[in-house]
Amino acid sequence: MSCQSPIVVALDYPTMTQSIEMAKQLDPKQCRVKVGKELFTTSGPVILDELHKLGFEVFLDLKFHDIPNTVANAVDVAARAGVWMVNVHASGGRRMMEASANALQQRMDNKTLLIAVTVLTSMDQSDLREVGIDVTPEQHVKRLAALAKSSGMDGVVCSAQESSMLSTELGKDFVLVTPGIRPKGAAQGDQKRIMTPAEAMSAGSHYLVMGRPITQSPDPIATLTEVNRTLGVHV
């Protein structure tokens with residue numbers, strides 16, 4: 001049975017041992033988990049197998065960005081590994097995203113969601129300006145998200161602050177995955193555009209990525225359960 005909670009716990013650890021130890025403190029009925037670049041680089045595909053054995057649906061957060069054929073092949077390999085979700089960078093352009101979407105559409109048994117990263121939640125307008133983008137983060141997110149949808153993506157990664165706009169512009173079925181989620185009272189860390197879980201869901205987000213507020217909690221499962229409770233999710 002698919003997890004009913006919108007929470008995706010980021011396993012941002014440097015080793016597989018640490019990530020598995022944390023995963024065992026969680027409940028696959030109460031969350032999904034995210035595997036990022038550091039963990040995947042140190043552990044390789046075996047980390048996906050181990051998390052699947054524990055019953056978790058896995059978001060493979062590698063943000064592929066390369067020539068179309070290379071990214072399409074990588075996305076296909078991720079789908080064959082059974083991941084629940086995988087992502088690419090929308091800034092890779094239409095041809096790259098379309099090639100990736102086509103690769104998954106050719107799989108008769110495909111159940112993997114394919115989403116595109118818009119603007120990293122650690123970036124603000126001054127960061128965009130330094131790389132030659134002279135529009136606001138909101139404007140750039142809107143442009144990239146529209147491109148992603150027209151290129152066949154199932155959804156995008158965006159700040160929760162853009163969720164309401166994108167839900168209105170692109171439809172409520174277009175999946176919005178939002179990092180930068182912090183419960184009330186939690187430290188902001190290196191995220192600049194943040195919201196609480198309840199605020200993000202009200203704004204139109206579908207899935208909420210949370211790391212340190214849960215993984216650095218003295219009681220991760222209690223914190224996870226409480227966040228789900230605030231969202232009306234009871235498992």
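Rules and cut-offs
- Residues numbered from 1 in each chain as written.
- Predicted model: local features only at pLDDT ≥ 70, side-chain atom pairs only at ≥ 80, totals over all residues.
- Heavy atoms only, no water.
- Helix = DSSP H or I, 4+ residues; strand = E, 2+ residues; numbered from the N terminus.
- Rg over C-alpha atoms; globule rule 2.2 N^0.38 Å.
- Buried < 20%, exposed > 50% of the residue type's maximum accessible area, 1.4 Å probe, protein only.
- Contact = heavy atoms within 4.5 Å.
- Areas by Shrake-Rupley, 256 points an atom, 1.4 Å probe, with all protein chains shown as cover.
- Salt bridge = Lys/Arg side-chain N within 4 Å of Asp/Glu carboxyl O.
- Pairing = 2+ DSSP bridges.
- Axes fitted to C-alpha atoms, helices over the stretch in contact; angles between N-to-C directions.
- Phe/Tyr/Trp six-rings, centres within 6.5 Å; stacked < 30°, edge-to-face > 60°.

## Some points on the overall build of the protein chain
Across its full length, the protein chain carries 11 helices and eight strands. Against the globule reference of 18 Å for 235 residues, the protein chain gives a C-alpha radius of gyration of 17 Å, in line with a compact fold. A principal-axis box enclosing the C-alpha atoms of the protein chain has dimensions of 45 × 40 × 30 Å. Across the 235 residues in the protein chain, those meeting the buried criterion constitute 51%. The long-range fraction of contacts in the protein chain, counting pairs at least 24 apart against all pairs at least 6 apart in sequence, stands at 70%. Of the roughly 11,000 Å² that the protein chain leaves accessible, carbon and sulfur atoms contribute 51%.

## Notes on the pattern of salt bridges
A side chain with one charge can pair with a side chain of the opposite charge if their charged atoms come near. If you walk through the whole model with that rule in mind, you get 11 salt bridges. Linking arginine 107 and aspartate 76 is a salt bridge whose minimum nitrogen-to-oxygen distance equals 3.6 Å. Here the residue arginine 107 occupies a position in the loop between α5 (94-105) and β5 (113-117), and aspartate 76 occupies one in helix α4 (residues 68-80), the gap between them amounting to 31 residues. Note that glutamate 98 is salt-bridged to arginine 94, the shortest N-O span being 3.8 Å.

## A short note on the sheet that holds β5
On the basis of which strands lie adjacent, the closed barrel formed by eight strands has the order β1-β2-β3-β4-β5-β6-β7-β8 and parallel pairing. Along the sheet, successive strands turn relative to each other by an average axial angle of 25°, direction set aside. Relative to strand β8 (residues 207-210), strand β1 (residues 7-10) is paired through three bridges, and the arrangement is parallel. Bridge pairing links valine 9 to methionine 210 in β8.

## Remarks on the packing of aromatic side chains
Where two aromatic rings form a pair, the distance of their centres and the angle of their planes describe that pair. For the coordinates displayed, the defined rule picks out one aromatic pair. Their ring planes at 85° and their centres at 4.9 Å tell us that tryptophan 84 and tyrosine 207 sit as a pair that is edge-to-face. Pair noted here: tryptophan 84 is in the loop between α4 and β4 (85-89) and tyrosine 207 is in strand β8, with a separation of 123 residues, a long-range link. For tryptophan 84, a relative accessible area of 9% gives the class buried.

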